[in-house]
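# Coordinate analysis (summary)
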Amino acid sequence: MFAPLKREDVEKVHSLSLKILSDVGIEVGSKETLAILKDAGARIVPEKKRAYISPSMVEEALRDALSSFTIYGREEGKRLQFKRGRETLFGGSGVPHYP
């Protein structure tokens, strides 16, 4: 399996990401999204359009995330499957590459 980072480096990135989300927050342009995040437990600063997401919120979302999902294309048989533990490659333009 392709692994550009060692396990301890992945853990470090995750830990620092949690710190950024909780301490720095993220800018959210959508009032609807801010409301959804607030209902989920995020601290919201509406005048700055900023949401602060706690580590426990992130961990809960990761626990509840689906282990797999599929995006279907317009053409029959064209689909992109995402599965935990399996690499899925796609271009930045939004056009999937079918391996």
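Going by the structure above, here's the rest.
For every chain, the first residue of the written sequence is number 1, and numbering continues from 1 along that sequence. Residue-level local features of this predicted model are given only where pLDDT is at least 70; pairs of side-chain atoms are given and counted only at 80 or more, and the full residue set underlies all totals for whole chains, interfaces and linings. Note that the side-chain values use all heavy atoms of the structure and ignore hydrogens as well as water.

## Observations regarding the pattern of salt bridges
Here, a salt bridge means any Lys or Arg side-chain nitrogen found within 4 Å of an Asp or Glu carboxyl oxygen. Within this structure, the stated rule accounts for 2 salt bridges. Among the salt bridges present, the one from Arg-7 reaches Glu-11, with a minimum N-O distance of 2.9 Å. Highlighted residues: Arg-7 and Glu-11, both in helix H1 (residues 7–23), separated by 4 residues, approximately one helical turn. The exposure class of Arg-7 is exposed, given its relative accessible area of 59%. Here a strand is any run of E in DSSP of at least two residues, a helix any run of H or I of at least four, and the numbering for each starts at the N terminus. Buried means the residue's accessible area, taken with a 1.4 Å probe over protein chains only, is under 20% of the maximum for its type, while exposed means over 50%, and partly exposed covers the values in between.

## Let's talk about the nonpolar core
In plain words, nonpolar cores are sets of buried Ala, Val, Leu, Ile, Met, Phe, Trp, Tyr and Cys residues tied together by side-chain atoms within 4.5 Å. Within the largest apolar cluster, 10 residues are counted, these being Leu-18, Val-28, Leu-34, Leu-37, Ala-42, Ile-44, Ala-51, Ile-53, Met-57 and Val-58. Going through the elements one at a time, helix H2 (31–40) and helix H3 (55–64) are the ones with two or more residues in this core. The contact definition used throughout considers only heavy atoms, calling two residues in contact when any of these lie within 4.5 Å. Apart from the residues lying within four places of it in its own chain, the contact partners of Ile-53 are Leu-18, Leu-21, Ser-22, Ile-26, Leu-37, Ala-42 and Val-58.

## Things to note about the sheet that holds strand E3 (residues 50–52)
The strands making up a sheet associate through hydrogen bonds between their backbones, and the pairing can be parallel or antiparallel. For two strands to be treated as a pair, DSSP must find no fewer than two bridges joining them. Strands sit in the order E1-E3-E2 across an open sheet of 3 strands; the sheet is antiparallel. Single-partner strands in this sheet number two, and they are strand E1 (26–27) and strand E2 (43–45). Relative to E3, E1 runs antiparallel, the two being bridged by 2 bridges. In the strand pairing of E3, Glu-27 is matched with Arg-50.

So, to be careful, I would describe these as geometric facts and stop short of saying anything about function.
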